[in-house]
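Structural overview
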Amino acid sequence: RRENKRRAEKVEAAEPRNKLPSPASLLPTDPALYSGPFPFYGRPSELGCFSLDAQRQYHGDAQALRYYSPPPTNDQGPHFDLRDGYPDRYQPRDEEVQEGLDHLLRWLLDHRGKLEGGPGWLAGAIVTWRGHLTKLLTTPYEQQEGWQLAASRFQGTLYLSEVETPAARAQRLARPPLLRELMYMGYKFEQYMCADKPGSFPDPSGEVNTNVAFCSVLRSRLGNHRLLFSGEVDCTDPRAPSTQPPACYVELKTSKEMHRPGHWRSFYRHKLLKWWAQSFLLGVPNVVAGFRNPEGFVCSLKTFPTMEMFEYVRNDRDGWNPSVCMNFCAAFLSFAQNTVVQDDPRLVHLFSWEPGSPVTVSKYRDAPYAFLPTWYVEAVTQ
Ligand code: 0WD
Ligand code: CA
């Protein structure tokens, strides 16, 4: 505890000078406080999409969308070498570039005039990445990693953009070589499972470039909160029962091969929670997992329907509950809506959370936390 306090003081001392007097309220995160009935969550509907190319340049189309193309099931199963091509055929994205909401704002700028419900709809909405909402959903059960979310209100809309915590930054900069390779292996699995065109086959001989991304933009509602968010989608299944997005989308994951019941238990309690939260938010019906052996080969695949994931922990005292996740997220969004009252793109409320503590708030003006870019603010203000 004393160690924590000393660390807190150090952070305080390094705090930017433009910190403003902060609201004193806190939001608790204990699961027991959020165990009510499942709140309303609207079926996410896709408003559009965009792509990022090999140079991380924005395109307002689906050019980066790939097609689900699993190996034939009649033979002995897959034998994917996930380490193939590492590091010589790997172009990793530059993680020093903090993009904030920029790509999503670019999409919004091009489409805000054509949104259903008119300009009034957007003024009452929350705009963010799906990944940020995933972190909110899993917060009541998270015991390792904290988060920081910057919030600004502008023309009524509440924008939420993640800030990398000092601990996350330190971990990223000191990432061990084995972990770097493991990250590559996740992307390599996508390459074995996806084709560039419907009806064609995967080509694992090429490069793995993690600048490339296909993002879906959706709207939904959680309780009384209107949401406009975007998430990266791995691929679409041309043979899915519904060809309508997001019902045709497939999420791909890799995980360690498991051999003991205890391994599976722990997988259901921790990993499946994250997989569920991420895919449920966007309305992705299936997650296809590739299990890798110690040599880095995927020799078995398993499809987890998103709506069946909770069944694995329903009777587990140490499991997770979707209602808790969604109720906490709704409570956080209400907390944020009530805290960020001033409409000002240069003003930021920074919501910070560390496991074992409640969510705290601090308030800043301009750099380094302001995240709505001038090009966006000016174009919308005109
Ligand atoms: O600026 C930031 N702090 C962040 C930006 C944090 C998280 C995401 N992003 C942006 C990136 O531009 C990325 O293209 O959002 C996009 C992905 O958004 P998302 O769907 O909301 O994020 P999430 O659900 O956390 O991740 C989806 C996929 C990941 O797949 P896995 O299977 O590992 O969950 O997006 C990728 C990754 O492949 N991804 C990222 N790609 C680039 N930069 C990032 C990132 N920071 N985080 C996840
Ligand atoms: Ca994935």
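Note: the structure precedes this text.
All of the points below concern the structure found in this document. Source: prediction; values computed, not measured.

Focus: the overall build of the protein chain
A tally of regular secondary structure across the protein chain gives nine helices and 19 strands. Against the compact-globule benchmark of 21 Å for 382 residues, the protein chain has a radius of gyration of 21 Å, which places it among compact chains. With respect to the three principal axes, the spread of C-alpha positions in the protein chain is 65 × 50 × 45 Å. Taken across its 382 residues, the protein chain has 47% of its residues classed as buried. Put simply, of all contacts in the protein chain between residues at least 6 apart along the chain, 74% involve residues at least 24 apart. Just so you have it, the protein chain exposes about 19600 Å², and 51% of that area is on carbon and sulfur atoms. Averaging the locations of the 44 positively and 43 negatively charged side chains of the protein chain gives two centres separated by 6 Å.

Looking at the coordination of the calcium ion (ligand 2)
Bound to the calcium ion (ligand 2) are the protein donor atoms D234 (OD), E251 (OE) and L252 (O), situated 2.3 to 2.5 Å from the metal. What makes D234 buried here is its relative accessible area of 7%.

Considerations on the site of ligand 1
Lining the immediate surroundings of ligand 1 are 17 residues, of which R56, R130, G131, E232 and K253 lie closest. One of the side-chain nitrogen or oxygen atoms of Y187 is found 3.4 Å away from an oxygen atom of ligand 1. Note that an oxygen atom of ligand 1 is positioned 2.7 Å from one of the backbone N or O atoms of E232. When ligand 1 sits alone it has 760 Å² of accessible area, and the protein chains cover 77% of it. The residue makeup of the shell around ligand 1, split by class, is three nonpolar, six polar and eight charged.

Describing empty space enclosed by the protein
In total, this model carries one cavity of 30 Å³ or more according to the counting rule given. Within this model, the largest cavity holds a volume of roughly 40 Å³. R130, E232, V233, D234, Y249, V250, E251, L282 and V284 are the residues that line the largest cavity. Ranked by residue count, the leading element in the lining of the largest cavity is strand β15 (residues 249-256), at three residues. Of the residues contributing to the lining of the largest cavity, the split by class is five nonpolar, no polar and four charged.

Remarks on the pairing of strand β7 (residues 125-129)
In terms of burial, β7 is a largely internal element, five of the five residues being buried. Taken together, the five bridges between β7 and strand β13 (residues 225-232) define a ladder with parallel strand orientation. In the sheet register, I126 faces β13, and the bridge partner there is L227. As judged from the two bridges shared by β7 and strand β9 (residues 157-163), these two strands associate in the parallel manner. Paired with V127 across the bridge in β9 is Y159.

Procedures and definitions
- Residues numbered from 1 in each chain as written.
- Chains lettered and ligands numbered in written order.
- Predicted model: local features only at pLDDT ≥ 70, side-chain atom pairs only at ≥ 80, totals over all residues.
- Heavy atoms only, no water.
- Helix = DSSP H or I, 4+ residues; strand = E, 2+ residues; numbered from the N terminus.
- Rg over C-alpha atoms; globule rule 2.2 N^0.38 Å.
- Buried < 20%, exposed > 50% of the residue type's maximum accessible area, 1.4 Å probe, protein only.
- Contact = heavy atoms within 4.5 Å.
- Areas by Shrake-Rupley, 256 points an atom, 1.4 Å probe, with all protein chains shown as cover.
- Lys, Arg positive; Asp, Glu negative; His and termini not counted.
- Charge placed at Lys NZ, Arg CZ, Asp CG, Glu CD.
- Donors = N, O, S within 2.8 Å, 3.2 Å for Na, K, Ca; no water.
- Near = heavy atom within 4 Å.
- Polar contact = N/O pair within 3.5 Å; in protein donor to acceptor, adjacent residues only side chain to side chain.
- Nonpolar A, V, L, I, M, F, W, Y, C, P; charged D, E, K, R; others polar.
- 1 Å grid on protein atoms, 1.4 Å probe; cavity = no way out; pocket = protein on both sides within 12 Å on 5 of 7 lines; lining within 4 Å.
- Points joined across faces, edges and corners; volume = space filled by probe spheres on them.
- Pairing = 2+ DSSP bridges.

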